[in-house]
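# Topology and contacts: notes
Residues per chain, in single letters:
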Amino acid sequence: MERAIDIRSTAHPQKKAARSLWKAVLQHQMLYWMLLPGLAYFIVYRYVPMFGAVLAFKEFDFSLGILASPWADPWHKHFTFFFESPYFSQLLTNTLLISLYKLVFGTIPPIIVAVLFNECRTLWFRNVVQTLSFMPHFLSWVIVYGISIAFLSETTGLFNRWFTESGLDPVPFLTSSEWFRSVLVGTDMWKDMGWGAIIYLAAMSSIDPTLYEAARVDGAGRLRMIWSITLPGIRNIIVLMLILKLGHLLDAGFEQIYVMYNVHVMPVSDIIDTWVFRVGLEQMNFGLASAVGLFKSLIGLVLVVGSNALAKRWGDEGLW
Amino acid sequence: MNNKRWVRVLMGTMLTSGLLVSACAPKAADPAATPEPAAKGAEPAKSAGPVSITMARAGSPSAIPKEDFVKKELDAKLGINFKLDLTDDKEHANKLSVLAASQNLPDLIEIKEKDLSVYYQMARNGLLLDLTPYLDKLGSVKKQVGEEGFTKGKVDGKVFGFSQAPRIVPQGFWIRKDWLDKLGLKTPTTMDELLEVAKAFTEKDPDGNGKKDTYGISGTRETERGFLGAHGTTEPNKFYIQDGKLVNSLYDPNMKKGIEEFQRFLKAGVVDPELFTNKVTDVTDKAAKGFAGIFYEQWAGLVRDEHVKKMKEINPKAELVLLPALQGAKNVRFNDVGQITAIIAIPKKLEKDPEKLNKVLELLNYVSEGDGANLVYYGQKDVHWKKEGDKIVLTEKKGEASYTWLYQLTGRPEMDYLMTKFPPQAALIKESSALPELKVYNGFVIPPKGFNITDANRFIGEEMLKFYTGKAKVEDYDAFLASLEKTFNFKVYLEEADKTLKGLGYVK
């Protein structure tokens, strides 16, 4: 295509460019047709609902609908309600902390697991273990919570039975503020480690095998090859995944925490989303819920754009 | 180019389905578009077929069997086509708000107590019918739910719905009789004796398995009611009337004594450490397994046939009995007279369809009294139950009628109902219902706008836990109240309660 433009770019460059663009579209019309359903999906399910964000500035009235509902007075009413909650700073801290823990422990272990799978030469063994490792991803949090109770409950849990039988004091894993975040991060890791490894594995499989051969000829051992070929080879993917995850920094995992938290651990586990669920949605305060949603999305947007710019400055490929 | 044609076909299908999706996008339904028979004076216009009535209710959609004899009988008797639209309890409120937002409310609505904010919102947004002009047409319903049923449904002074007949939640302390016998102990009659027994249950191996793996007391967080009740107050943040004055339990001077009492038990290490996180199902399970010897719970969580069976499978000698009220204990639980079981409401749009509205009122009356009531309580006469003298006795086939509660639209007369449904437990239910209880009035109090009751309740729950477990000192209790008022604006709520209950005439 570029070539075609070059040849004809003698006169009326703009008009020509437009015409050739149109021609290109016509020539590849099949591709554009195929783009349509995707576009339609995004417009219908992703862009149109964005107008609902206007609720953040309204007093929602069932009988009037979103557009006709009266404006909130003052306009920042719902935002102030959120910022002025006595729990605001605690919610923000918890959200960021839990999210950061999950970011760190949700990134490094899957890479290690992916490297291990990649190095495993016994194919059947690798396949079996890999399949088993991503199974937990498909369990719902309610089930994971059930499993964690079976292991960690203070009175009936397997671990605490062992502790008490060997004369130790039971540890309140699920009901003490010292342990609870570790339990959250640990179960999250257990659930998604194998699943997270898949994408890194895929990236590894696209590394040019001749690199390994050359390294082997030069006398590199396995560890050296992992360090100098495998890891640099998936660096782009790691950065990409990090940027994507940063956008969700204010989602610390509503489903998991809502299922697992209790009155003992509220101060270390109540996050923005669980608060919004209790105060906003359960109390029919849709304005508040959308205001907080908007707040979260804006911060997420800033984070993604910012980290993308940073990644590019450091010489990696960003998202775009 | 076979390939290309194939792609075109595929594209075509995808595009059409895309169009379909957008066509299904919610449309603002016009409430006036419902068939609108002209109001012809008192006699509503008769239409040909049966009037179809749909009701949105919380419940498992799979609960109704295919052979639904209740529906058949209701339809035949009343000339209607009644459809229960069941949604899982958790999703019910969501569904209602979607239906409300799209102006598509069904002809009858149930709103659970935990979803009351949906009810207030719908009522204030003018989506519900003010029942005041129709009260004289709801005679049987009134007999069932009482005058209070309608009072509880009031929003801003208007009756937009009524609460189903009140349930009985007869909590109390239950104790393992066989454990007492085994350790040679007497049934405790005071708080001190209760503590001694609990200690013995924890330390003296009442189940005889050679391990120290039992606890004295278990239950849910509600167990606090039992201990605070011994000193005349009850769960934090409950309103009751003392010497003609409205009191919030948090401000009752007895609260500190109650806290110290509960603390004594928790410090002694005789209470299940998971007490504050247990759910009723956990308690049922723990009771069956002989995890503790004393439970604070209601009969349904402990001594239903299936629970007893499970308990006896593990230990044939196991026997849970109700502990009579301890000496000096003013109450063992509270009873919220304003408590809403579930609200039943009718959408405003039915005003324009008097024929349907009349049928809806008729239906509500029918299931509240006489034959219709018996149908939804116990099933079909002479099939699922029969009359023996004055009493109703269930037959062998009663299992088939276990889903009929879904049609108990206005509730049921709880005591008679339980006595008939659960003959083996009848004595225990009566006994536990007779335990002293404290009347509270929270159900009537709607949190004022701008007061964040969720945050306040969280604070109360957490701080009280610190007092119970001794992490905070009772001396600091007043400081806790001060920060509750300062940080959470609690006074606003107290004033609202005072105003509401004075308005209703409960407080002078």
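Starting afresh in each chain, residues are numbered from 1 along the sequence in its written order. By the order in which they are written, chains take letters starting at A while ligands take numbers starting at 1. Reporting of local features is limited, given that this is a predicted model, to residues whose pLDDT is at least 70; pairs of side-chain atoms are given and counted only at 80 or more, and all residues count toward the totals for whole chains, interfaces and linings. Calculation of side-chain values draws on the structure's entire complement of heavy atoms; hydrogens and water are dropped beforehand.

For chain B, an unreviewed UniProt entry supplies the name Family 1 extracellular solute-binding protein and the organism Paenibacillus mucilaginosus 3016.

As named in an unreviewed UniProt entry, chain A is Binding-protein-dependent transport systems inner membrane component, taken from Paenibacillus mucilaginosus 3016. According to UniProt, the comment filed for chain A under the heading Sequence similarities (unreviewed entry) is "Belongs to the binding-protein-dependent transport system permease family." Checking UniProt for chain A, the heading Subcellular location (unreviewed entry) contains the comment "Cell membrane". UniProt positions are given in the numbering used here, feature names are shortened, and annotations may be inferred rather than shown by experiment.

### Thoughts on the UniProt feature "domain: ABC transmembrane type-1" (unreviewed entry) in chain A
The UniProt entry lists residues 92-307 of chain A under the feature "domain: ABC transmembrane type-1" (unreviewed entry), expressed in the numbering used here. Along residues 92-307 of chain A, the helical share is 74% and the strand share 0%, with 20 Å between the first and last C-alpha atoms. To qualify as a helix, a DSSP run of H or I must reach at least 4 residues; to qualify as a strand, a run of E must reach at least 2; elements of each kind are numbered from the N terminus.

### Topic: the pattern of salt bridges
Two side chains of opposite charge can pair, provided their charged atoms sit close to one another. All names here are of chain B. Put simply, a salt bridge is a Lys or Arg side-chain nitrogen that is within 4 Å of an Asp or Glu carboxyl oxygen. Taken as a whole and assessed by the stated rule, the structure comprises 40 salt bridges over all chains. In this structure, Glu-414 and Arg-412 form a salt bridge, with 3.0 Å as the shortest nitrogen-oxygen distance. The same class applies to Glu-414 and to Arg-412, which are both buried. Burial classes follow relative accessibility: with a 1.4 Å probe on protein chains only, a residue under 20% of its type's maximum area counts as buried, one over 50% as exposed, and anything between as partly exposed.

### Some remarks on helix α18 (residues 286-313) of chain A
What a helix is expected to span follows from its residue count: subtract one and scale by 1.5 Å. Here α18 of chain A spans 40 Å end to end across 28 residues, near enough to the 40 Å set by a 1.5 Å rise per residue. At the C-terminal side of α18 of chain A, Gly-315 of chain A shows a positive phi close to 90°.

### A closer look at the domain arrangement of chain B
Residues and elements named next belong to chain B. An automatic or database domain assignment is the source of the domain bounds shown. Entries for chain B in the domain assignment read domain 1 (51-166 + 340-409) and domain 2 (171-337 + 443-504). Should any heavy atoms of two residues lie within 4.5 Å, those residues are considered in contact. The partner domain 2 presents four residues to the five residues of domain 1 that form the contact. Accessible area, probed at 1.4 Å, shrinks when two parts are joined; the buried area is that loss added up over both. With both chains or domains summed, domain 1 and domain 2 bury close to 490 Å², and 69% of this area falls on carbon and sulfur atoms. Seen at the junction of domain 1 and domain 2, the total is zero salt bridges. N or O atoms closer than or at 3.5 Å make up a polar contact, with two conditions inside protein: a donor-capable atom paired with an acceptor-capable one, and, for residues adjacent in sequence, both atoms drawn from side chains. For the pair domain 1 and domain 2, the interface holds one residue pair in polar contact (both at pLDDT 80 or more). For the side of domain 1 that touches domain 2, the secondary structure elements donating two or more residues are α4 (116-124) and α5 (139-152).

### Digging into the confidence of the model for chain B
Low pLDDT means the predicted coordinates in that region are not meant to be read closely. Residue and element names in this part refer to chain B. Each residue gets a pLDDT score, which is the predictor's confidence in that residue and runs from 0 to 100. Mean pLDDT over chain B stands at 87; residues scoring 70 or higher make up 91%. Considering only residues more than four positions removed or in separate chains, one finds that residues 9-45, a stretch of pLDDT under 50, has 21 contacts. Scored as a complex, the prediction yields pTM 0.83 and ipTM 0.82.

### Considerations on the pairing of strand β8 (residues 215-219) of chain B
Residue and element names in this part refer to chain B. With four of five residues buried, β8 is to be regarded as a mostly interior element. The criterion for strand pairing is that DSSP finds at least two bridges linking the strands in question. Pairing of β8 with strand β11 (residues 292-298), which is carried by four bridges, proceeds in the parallel orientation. Counted as the bridge partner of Gly-219 is Tyr-296 from β11.

### As for the UniProt feature "transmembrane region" (unreviewed entry) in chain A
All names here are of chain A. On the UniProt side, "transmembrane region" (unreviewed entry) is annotated at positions that read residues 30-48, 96-117, 138-159, 193-212, 224-244 and 286-305 here. Secondary structure content for residues 30-48 is 95% helix and 0% strand, and the end C-alpha separation is 26 Å. Measuring from the first to the last C-alpha atom of residues 138-159 gives 25 Å, for a span that is 64% helix and 0% strand.

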